[in-house]
Amino acid sequence: MENNIDASKVLVIDDEQSLRDGAERILTRMDFQVEKASTGQEGLEKLKTFPAAIVLLDMKMPGMDGMEVLKRITIMDKGIVVIVITGFATVETAIEAMKRGAYDFIPKPYEPDQLRIVVDRARETILLKINTEELLMERTQNLSDLQTEQSRVHTIIESLPNGVLVTDTEGEVVLINPAFCMHMGLARDAVTGQKLEEYIADEKLCRLVTDISKGKYIDYDDIPSCDVEVSEGKHLMARARPVLGDKRECLGAVVNLADVSAMKALDQLKSEFVAKVSHELRSPLSTIHEQLALVISEMTGEDSTAEEEQHILARAKEKTRGLITTISDLLDLSRIEAGISASNPQPVKVDELLKSIVEFLNARAQAKNQTITLDISAETFTPVVSDKMSLESVYGNLITNAINYTQDGGEIKVTAGMSGRNVRVIVQDNGFGIDEKYLDKIFDRFYRVKNNKTRFITGTGLGLPIVKGIVDSLGGIIDVESEPGKGTVFSVILPTR
Ligand code: ADP
């Protein structure tokens, strides 16, 4: 139906003027706009300019009769509703008219109510039809919008510089873009529909994506990323996430693949540079440090000028010690970055290691009148398999910090025990403490809490990042609790393997 007919307009075609006028009166009261025509020809002419949705049509008219007019209106195919008006004698004609597409008929002579009821029903039918048609158009419009949206998303995915791959719950690939094919060295127009292994050679990534596709990671916030070295110097970083439906059911997995080769190369260059510079600086500094110590010891017992010089030299010696610590930290850090922390794994007995560290650092604590106690609470310790120097670095850093950040005369307690199959070490002090707002920052590189108490304590801000790096690489956990003015507790749990 074309929508240029108007449900509020009625055309009355009748050769009898009294009937035309009577119908007009009734229909006008029903809020219709009414036009009249006395012949079929005139009626058809009127319809060209007056878009009536309803036509009241007398069947028996001189000239063109109602049946012919009905036929022509039907041919127009505008959805005009025709109600025929006919005398008793011509009921058969009315039925014939209905067959030819008239909507209803009213026998002559009719009561006003009869006309009202039939026309009202016709109006309802038209409005319903218009309404249905509008809904249909809206739906068609929505569908075409959807199609445009889909093709737009498709084009964007195809043009992304990052690789994208999508699987279903069976781990079968349902979408792959050209960048993914390019990064992974697949044919640019690789088709979908095959198992994941056909597209991803890296076993670890393949396993991760399969697990995600099967819904194993739905509630994970931090799904690990995967480094893939596809060829010498070409590093890709793959991140995968589950694709969730309306009810959070898993529909598959989506993988994003980025080329991080340039970043990796730069990172490696930086680490190599730090390692090299640190090495170059450490040996001459150590020599200067030793020489200063020698000069100072030889000067002992001399006159006051010498005392002054001795003071200056002692400060210089202190500075060189600070520099040596910094450089050692930098070296440790680059060792962790290069993955050397576990390069020389051997079973290490933590209780014995702690005894020697505490013994070594006791002198430092004593210099500040601090007491340092070691409480070994387990009969036997399962060894931790690790590079010994790394473990020394973990516990050494924590105990050194406890000494440094505790006032003279303070107490440092080191407790070691087994917790299930893990080794747990707690380093507790009653020193300056750390404000809660800094607790998650102290593990960041070069981060140091600066306040009146800590301002004059030398350090690099690298100790705790090193400790955390090593603990993480061993699959352990480090925790800290602290209260300013009361003290700090660091606990390290390491698995025994
Ligand atoms: P550094 O000791 O060289 O500054 P760290 O990374 O070892 O670097 O420590 C970072 C910061 O954490 C320190 O500057 C200090 O403010 C704080 N901190 C570490 N351990 C303690 C502790 N036991 N008590 C109070 N503050 C601490």
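For the structure itself, look to the data block above.
Novice: Give a description of the site of the ligand that names residues and reports values.
Specialist: Near the ligand lie 19 residues; those nearest to it are Asn401, Tyr405, Arg448, Thr460 and Leu464. Contact distances for the ligand include 2.8 Å between an oxygen atom and a side-chain N or O atom of Tyr405. A distance of 2.8 Å separates an oxygen atom of the ligand from a polar backbone atom of Leu464. For the ligand, the accessible surface in isolation is 530 Å², of which the surrounding protein chains cover 97%. Looking at the shell around the ligand, the elements that each hand over two or more residues are helix H11 (388–404), helix H12 (463–473) and strand E17 (487–495). Here the element with the most residues in the shell around the ligand is H12; it accounts for three residues.

Novice: I'd love a proper account of the packing of helix H2 (residues 40–47) against helix H3 (residues 66–76), names of residues and values included.
Specialist: Relative orientation of the contacting elements H2 and H3 amounts to 20°, with a least axis distance of 10 Å. One finds that H2 runs roughly parallel with respect to H3. Relative to H3, H2 is oriented so that their crossing is right-handed. Between H2 and H3, the residues in contact are Gly40, Leu44 and Leu47 and Val69, Arg72, Ile73 and Met76, respectively.

Novice: Quick rundown of a nonpolar patch on the surface? Include the residues and the values.
Specialist: A contiguous nonpolar patch, built from Phe273, Val277 and Leu281 and spanning about 280 Å² of accessible area, is present on the exposed surface. Along the chain, Leu281 turns up in helix H8 (residues 261–299). Residue Leu281 is classed as partly exposed on the basis of its relative accessible area, which comes to 43%.

Novice: Please give an account of the packing of H11 against H12 that cites residues and values.
Specialist: Packed helices, taken two at a time, are described by the angle their axes make and the gap between the axes. For the pair H11 and H12, the least separation of the axes is 9 Å and the interaxial angle reads 140°. In the packing of H11 onto H12, the handedness of the crossing is left-handed. Counting all contacts with H11, which are made through Ser390, Ser393, Val394, Asn397, Leu398 and Asn401, the residues of H12 involved are Gly463, Leu464, Ile466, Val467, Ile470 and Val471. Partitioning the contact of H11 with H12 into residue classes produces seven nonpolar, five polar and no charged.

Rules of the game
Residues numbered from 1 in each chain as written. Predicted model: local features only at pLDDT ≥ 70, side-chain atom pairs only at ≥ 80, totals over all residues. Heavy atoms only, no water. Near = heavy atom within 4 Å. Polar contact = N/O pair within 3.5 Å; in protein donor to acceptor, adjacent residues only side chain to side chain. Areas by Shrake-Rupley, 256 points an atom, 1.4 Å probe, with all protein chains shown as cover. Helix = DSSP H or I, 4+ residues; strand = E, 2+ residues; numbered from the N terminus. Axes fitted to C-alpha atoms, helices over the stretch in contact; angles between N-to-C directions. Parallel < 35°, antiparallel > 145°, perpendicular 65-115°, else oblique. Left-handed = near helix turned anticlockwise from the far one by under 90°. Contact = heavy atoms within 4.5 Å. Patch = residues over 30% accessible without salt bridge, like charges linked within 9 Å, V, L, I, M, F, W, Y side chains within 5 Å. Salt bridge = Lys/Arg side-chain N within 4 Å of Asp/Glu carboxyl O. Buried < 20%, exposed > 50% of the residue type's maximum accessible area, 1.4 Å probe, protein only. Nonpolar A, V, L, I, M, F, W, Y, C, P; charged D, E, K, R; others polar.

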